[in-house]
Amino acid sequence: VLAAIVGGAGLDSTLAAAAAGKRLLLANKEAIVMTGALLLDAMARGDGTLLPVDSEHNAIFQCLPSGNTRNALANGVERIVLTASGGPFRGRDRQSLGTVTPDQACAHPNWSMGRKISVDSATLMNKGLEVIEAYWLFGLPPERIDVVVHPQSLVHAVVGYRDGSMLAQLGHPDMRTALAHALAWPARIDAGVPLLDLVAAGRLDFEPVDRELFRCLDLAYGALRAGGTAPAILNAVNEIAVAAFLDRRIAFLDIADVCLKVLEDMDVTAADSLERVLDADAEARRRAGAAVQHACGGSG
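Residues numbered from 1 in each chain as written. Predicted model: local features only at pLDDT ≥ 70, side-chain atom pairs only at ≥ 80, totals over all residues. Heavy atoms only, no water.

Quick word on the environment of Ser112
Note on placement: Ser112 falls in the loop between α6 (102-105) and α7 (115-123). The exposure class assigned to Ser112 is exposed, which follows from its relative accessible area of 77%. Considering only alpha carbons, one finds Ser112 and Ala72, 40 residues apart in sequence, at a separation of 31 Å. (Helix = DSSP H or I, 4+ residues; strand = E, 2+ residues; numbered from the N terminus. Buried < 20%, exposed > 50% of the residue type's maximum accessible area, 1.4 Å probe, protein only.)

A look at the pattern of salt bridges
In this structure the tally under the stated criterion is 20 salt bridges. In this structure, Arg176 engages Asp174 in a salt bridge whose closest nitrogen and oxygen atoms are separated by 2.8 Å. Owing to a relative accessible area of 42%, Arg176 belongs among the partly exposed residues under this scheme. Residue Asp174 is classed as partly exposed on the basis of its relative accessible area of 21%. (Salt bridge = Lys/Arg side-chain N within 4 Å of Asp/Glu carboxyl O.)

Considering the packing of helix α13 (residues 254-265) against helix α14 (residues 274-295)
Where α13 contacts α14, the two axes come as close as 9 Å, and the packing angle between them is 130 degrees. For the element pair α13 / α14, the angle class is oblique. Relative to α14, the crossing made by α13 is right-handed. Where α13 abuts α14, its residues Asp254, Val258, Lys261, Val262 and Asp265 lie against Ala284, Arg287, Ala288, Ala291, Val292 and Ala295. Each residue belonging to the contact of α13 with α14 can be placed in one class, and the counts come to seven nonpolar, no polar and four charged. (Axes fitted to C-alpha atoms, helices over the stretch in contact; angles between N-to-C directions. Parallel < 35°, antiparallel > 145°, perpendicular 65-115°, else oblique. Left-handed = near helix turned anticlockwise from the far one by under 90°. Contact = heavy atoms within 4.5 Å. Nonpolar A, V, L, I, M, F, W, Y, C, P; charged D, E, K, R; others polar.)

Structural notes on the sheet that holds strand β2 (residues 23-26)
Overall, parallel pairing links the three strands, which are arranged β1-β2-β3 in an open sheet. Of all strands in the sheet, those bounded by a partner on one side alone are β1 (2-3) and β3 (49-52). Across four bridges, the pairing between β2 and β3 is parallel. Bridging across to β3, Leu24 finds its partner in Leu50. (Pairing = 2+ DSSP bridges.)

Some details on the sheet that holds strand β6 (residues 155-161)
Taken together, the four strands give an open sheet; going across it, the order is β5-β4-β6-β7, and neighbouring strands pair in mixed fashion. Here the strands that pair on one side only, and so sit at the sheet edges, are β5 (145-149) and β7 (166-170). On average, each strand axis in the sheet is inclined to that of its neighbour by 20 degrees, with strand direction left out of account. Relative to β5, strand β4 (residues 77-84) is paired through five bridges, and the arrangement is parallel. The residue of β5 that forms the bridge with Thr83 is Val148. Lying over the sheet, helix α8 (residues 125-138) contacts β4 and β5, oriented at roughly 150 degrees with respect to β4.

This is the structure in C-alpha cells:
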C-alpha cells in the first residue's frame, strides 16, 4: 500500500493499512508526524512492513544495515544528516522575502512537486517535518539528526557511524528511484533513472541552514522535543498557513509567524490516542484560521 495522500487527510487510511498488516510504503510524512508511536504500534500489531518512500528517509534506509532500522543507535549510528536543496529562496535576505509570490515559492530548483509541498520546501518546514519523521523511523534523538543545505540535491542523506564512516546515498532528484526501491525491496529493479555521472555532476556543495531566516526548521525541532500533540499541532497550523499564502491572504514570512503563535498558545497533551491527536488537529486548525485572519488585518 502506497500512502501518498498529502497532509493530515492521509492519516486514517495510513493507520488502517498499518493495522491491517500491509507492506506500507510511506510517502505521506504527515501521518507519522501526527501520530508517531500510534502508527508504529499499529504496524507492530499488524506485523506489517514499513518502508519509507520520502527520498531522504529512503536514502537513510538504504545506508543502514538490514534488519532493525528502528534502533539505529544499536547499529552503531552516531548521526543522521538530511539534505535540503535550500529551495527557491536560498541565499535571499529577509527583506527580499517579504514580497515573494506563491508562484515564486513553488518554483523549486530541482524537484517537481505539488504546490503545498513546494511551499514547505521553500520555508524549510518540509525539512522540519522530515526531522520528526526520521526520529520515529530510526529512533535517534533530535540532537543526532542534522540538516544541511546541499543545492545540487544529489546526496539525499548521510548516515554517520561511530567508527568514523559516513555512508551517503546519491542519485538524480527523481522520485522513481525511491519508489522502485520500496516497491521491489529487498530486490532491485529498473526504475528508468540513469546512474549519476559524477564527473558531469562536477561538485557537491554543503552549507549550513540560515535558521534565523527559515524559522520553520527550528519550530519543528521544538515541536519534536515538546512531544505529545505538538507535532500534530504544528502540522495542522502549517497546512492552514500555507493554504492562506497560496490564496495570497498572508505573506510568505507570515507562515512561520502563524505557526509560532498557535504553538505558543495551545496546550500540548499526550498523543496517546487517535482521538486526542484529532482533537488537537481540529483545535490547531481553528486557532490557525484566527491567526491567519489577524495576520491579514482581520479581513479574512
